[in-house]
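# Commentary on secondary and tertiary structure
If you want the building blocks of each chain, they are given just below.
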Amino acid sequence: MKKRIAALLLAGVMTVQLTGCGVLSPLVTFITNMKSSVGELQLEMEEEESDAKVNAEKKRYQDDFYEYINEDILDMVELGDTDAQWTWFGELMAVADQDMDEIIQELSQSEKVYPKGSSEQKIKDMYECISNMENRNATGLGPLQPHMDTIRNTTTIDEYVNALASLSGEFGFSSIVGGYYIDQDMADSSMNSVYLMHADTLIGKEYLENPQMQEYVDVYYTYMRDMLEEFGMSQEEAADTVSEIDILLRDICSSSLSMEEYYDPSVTYNVFTKEELQELYTNVDVEKMLKTLRIDSADSYIVLDVGQAKKINELLVDENLEVLKDFSSFVMLNDVAEYSTEEYARLADDLDRQMHGVTSRLSDEDIWMNLTQDMLSWDFGKIYVEKYFSEESKADVEAMIEKIKEAYKDIIRNQEWMSEATKEKAIRKLDTMQVKIGYPDEWPDSMEMMQVTPISEGGSLLSNMLVNMQVSIEDNLQDLNREVDRTAWSMTPQTVNAYYNPGNNEIVFPAAILQQPFYDPKGDEASNLGGIGYVIAHEISHAFDSNGALYDEYGNYNVWWTQEELQKYKELSQSIVDYYGNYEVAGMKVDGSLTLSENIADLGAMTCITSILSEDGEGLAKAFSQLAYIWASEETVAYQMYLLSNDTHAPNKVRVNAVLSSCDAFYDVYDIEESDGMYVAPEDRVGVWK
Ligand SMILES: [Zn+2]
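The structure displayed is predicted, hence computed values, not measured ones. (Residues numbered from 1 in each chain as written. Predicted model: local features only at pLDDT ≥ 70, side-chain atom pairs only at ≥ 80, totals over all residues.)

### Topic: the overall build of the protein chain
Tallying secondary structure elements over the protein chain gives 31 helices and 16 strands in all. For a compact globule of 690 residues, the expected C-alpha radius of gyration is about 26 Å, and the protein chain comes in at 26 Å, within 12% of that figure. Looking at the protein chain as a whole, 44% of its 690 residues are labelled buried. Relative to all contacts within the protein chain whose residues are 6 or more apart in sequence, the contacts with residues 24 or more apart total 77%. (Helix = DSSP H or I, 4+ residues; strand = E, 2+ residues; numbered from the N terminus. Rg over C-alpha atoms; globule rule 2.2 N^0.38 Å. Buried ≥ 20, exposed ≤ 12 C-beta atoms within 10 Å, placed from the backbone. Contact = placed C-beta atoms within 7 Å.)

### Examining the sheet that holds strand β10 (residues 301-303)
Sheet strands pair via backbone hydrogen bonds, and the direction of the pair is either parallel or antiparallel. Strand order across the open sheet formed by four strands is β7-β8-β10-β9, with mixed pairing between neighbours. Only two strands of the sheet have a single partner each, and these edge strands are β7 (180-184) and β9 (271-272). Alignment of β7 against strand β8 (residues 192-196), held across five bridges, turns out to be antiparallel. Within β8, the residue paired with Y181 across the bridge is Y195. (Pairing = 2+ DSSP bridges.)

### Some thoughts on the domain arrangement of the protein chain
Entries for the protein chain in the domain assignment read domain 1 (1-30 + 42-78 + 389-440 + 489-690) and domain 2 (142-339). Computed from C-alpha coordinates alone, the two centres of domain 1 and domain 2 are separated by 37 Å. Opposite the 15 residues of domain 1 that make contact, domain 2 presents 15 residues. Partitioning the side of domain 1 that touches domain 2 into residue classes produces five nonpolar, 10 polar and no charged. (Domains from an automatic or database assignment. Nonpolar A, V, L, I, M, F, W, Y, C, P; charged D, E, K, R; others polar.)

### Examining the environment of E598
On the secondary structure map, E598 appears in helix α27 (residues 596-613). Take E598: there are 21 C-beta atoms within 10 Å of it, and that puts it in the buried class. E598 sits 167 residues away from D431 along the chain, and the two C-alpha atoms are 22 Å apart. Not counting residues within four places of it along the chain, the set of residues in contact with E598 comprises T648, H649 and A650.

### What to know about the environment of I401
Residue placement: I401 occurs in helix α21 (residues 391-413). Take I401: there are 21 C-beta atoms within 10 Å of it, and that puts it in the buried class. Remark: the alpha-carbon pair of I401 and I507, spanning 106 residues in sequence, is separated by 9.8 Å. Excluding its chain neighbours within four sequence positions, the residues that come into contact with I401 are V435 and I536.

### Digging into the sheet that holds strand β13 (residues 506-510)
With mixed pairing, three strands are arranged side by side in an open sheet as β11-β13-β12. The open sheet has two free edges, formed respectively by β11 (434-438) and β12 (499-501), since each of these has just one partner strand. Adjacent strand axes in the sheet meet at a mean angle of 20° when their direction is disregarded. Pairing geometry for β11 and β13, over five bridges, is parallel. Pairing of Q434 across the sheet is with E506, part of β13. (Axes fitted to C-alpha atoms, helices over the stretch in contact; angles between N-to-C directions.)

### Regarding the nonpolar core
Counting 172 residues, the largest nonpolar core has F65, I609 and A628 as its most contacted members. Looking at which domains feed residues into this core, each of domain 1 (1-30 + 42-78 + 389-440 + 489-690) and domain 2 (142-339) supplies at least three. Dropping the residues within four chain positions of it, I609 is found in contact with L529, G530, G533, Y534, A537 and A623. (Core = buried A, V, L, I, M, F, W, Y, C linked by C-beta atoms within 7 Å.)

### Thoughts on unusual backbone geometry
Comment: phi is negative for the bulk of residues other than glycine, and the bulk of peptide bonds are trans. Here the residue pair Q516 and P517 is connected by a cis peptide bond, since its omega of 10° sits within 30 degrees of zero. Mapping P517 onto the fold places it in the loop between β13 and α25 (525-541). Non-glycine residue A586 carries a positive phi angle of around 50°. For A586, the location among the structural elements is in the loop between β14 (584-585) and β15 (588-589).

### Thoughts on the packing of α21 against α25
Relative orientation of the contacting elements α21 and α25 amounts to 50°, with a least axis distance of 10 Å. Considering the angle they form, α21 stands oblique to α25. For the element pair α21 and α25, the recorded crossing hand is right-handed. Listed contacts from α25 to V397, M400, I401, I404, K405 and Y408 of α21 are I532, G533, I536, A537 and I540. (Parallel < 35°, antiparallel > 145°, perpendicular 65-115°, else oblique. Left-handed = near helix turned anticlockwise from the far one by under 90°.)

### Some remarks on helix α17 (residues 321-336)
Taking 1.5 Å as the rise per residue, α17 with 16 residues should run 22 Å; its terminal C-alpha atoms sit 23 Å apart, in good agreement. When α17 is considered as a whole, its buried residues turn out to be L324, D326, F327, S328, S329, F330, V331, M332, L333, D335 and V336. On the buried face of α17, the contacting elements are α7 (145-152), α8 (157-171), α10 (214-230), α11 (235-254) and α24 (461-477). (Expected span 1.5 Å × (residues − 1).)

### Some words on the pairing of β8
Of all five residues in β8, five are buried; the element is thus mostly enclosed. Burial of β8 is two-sided: the residues N192, V194 and L196 facing one way and the residues S193 and Y195 facing the other way are all buried. Across three bridges, the pairing between β8 and β10 is parallel. Across the sheet, the residue bridging to Y195 is I302, located in β10.

### Some thoughts on the environment of T492
The topology assignment puts T492 in the loop between α24 and β12. If we skip the residues at most four places from it in the chain, T492 touches S377, W378, G381 and P510.

### Points about helix α26 (residues 563-581)
It helps to recall that an α-helix has 3.6 residues per turn; residues three or four apart then point in one direction. The end-to-end C-alpha distance of α26 is 27 Å, a good match for the 27 Å that 19 residues give at a rise of 1.5 Å each. For α26, the complete set of buried residues consists of S573, I576, Y579 and Y580. Each buried residue of α26 sits inside an arc of 120° when the element is viewed along its axis, so together they form one side. With respect to the buried face of α26, the exposed residues turned more than 90 degrees away are Q563, E564, Q567, K570 and E571. (Arc of directions from axis to C-beta.)

### With respect to the confidence of the model for the protein chain
Here the protein chain shows a mean pLDDT of 89. Residues at 70 or above account for 92%. Counting interchain partners and residues more than four positions distant, the pLDDT-below-50 stretch residues 1-55 has 135 contacts. (pLDDT = per-residue confidence, 0-100.)

Here it is, written out as structure tokens:
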């Protein structure tokens, strides 16, 4: 028997299990995770085997709280052969996806003609372009080919850089130089600035430079070879090209920032004038490139990865021209593969599955519907809000946010290592923090700008996809030399997630996260505090994590701590790095540095939630159980390894157990002994806010 797990659990979620021994035991409920599951979850109910399970030893909460709470649900979760991961976040996303899919199906089968430019017309025609494989195969690389040729036909580095700049300026294709985006300036959060992007290193430094990942690098290069053959190269030519691109990529990566450095504004915020940029890129006519990109009117440019830029400049010489052309051609093919012919799309899908340890393909129909949602995400967002959003829940959650902010203020006031002046600034940062819930007041311009040309009028999936890329560029260019629009959203309302944006000093909760298991409008307070409350407290805590602490209340990158306080903060951070580095998943150690800012946010959230519940033992037990439950997850080994190398969050199990083991209130509520798995000596417990 297979069922969607949400349907089953949402029906009977909030039940408290109380066990004997005078110890309050965990309430089984759930919460969230930042990665969505890749596909459908299949739930296997194996009645015959239940006896064996009873006999099997039950995990003790004293040894592994996460397993204790989630044992039953994880027994029921069986990753489908099209899944890389199962989490509550992913599960709710899948439920929202199903609702959207119904809309697509209805529209695609309807005989009605919808007004040009309406969401209905766009969805109906986009789905037709996506699902009409005959049209996709006949289109081939059609609309892309002339652009591809501009790269293939270059005979000098100068021509090559020009071609790249044109493609980046018109569509946003960027491989090695010329990529950019316009976004809030880190030091002056009221203004937008131009960020010059790093090179596309494809599988990336984290895989290329880690011998444990060699298996996946091989998979990637097989894909690259197949793509190049499909593009028309002979087997031998393709193999040689891959070897040369490998050398090029490793060379670039050796001079590139690590993932962790990438999140550090003190490393990435490098302001260059045009003249300085010309000194950096001695092999490029910078003025001409900026003009082609239509960003020459800016006063300055931010170079995120200076070391890599120097390396790339070195590589931009005529003897590298052939490998650079091949590399850029492949990047373009890779960017459009899933929107192209059946064969290109299949290769891209196979790669994705192999990289994440997924054995089976989704059905064609599921792939097409996902693609339709991706291409028109804001149109779907608007429909989602109209159908599902509740203003009452919004008011309720707003009240909870106020309560959590007040709790943080008390926590800050109690910190002995912070000066009064710094405490005041921290409290001001809380007071001025903007809160966004549900959906934006105004829908983004890009939604109107994105128009879909149906097949009957000469459109194709690839041509519409190129329009989509153009819209992103034009929309972004509107921000050049303009003040920041602080009302904009970085997530669609149907996203099951939340974020803190240090540049705006704001926390944002899309409509879709205001539902069970995160939030139950009829649920009790402690359980909701362990669910959405913990998520809120986590996001607020990001204002004071290792990156957020470097931004002031206006969102400017501006250090507002004293030297001694920063020193103390660094010591506390180092103890957190070391603490998490002791945990291990899938034979790989957790990277305490990569996950530092998220771990600080988790630890802070726990301090906040436990301070609100204070002496309420039963409430604390409910909150602990709820938050352990929301992190229930199951992954393929490949996906675990991918997350350990790339995700700034620690693995979910560690997120639960490490935080609880550092939480004094956890020891007050449960009888944890020194010999227990969850036990950490008081002097070894970590956190910035204790
Ligand atoms: Zn976070």
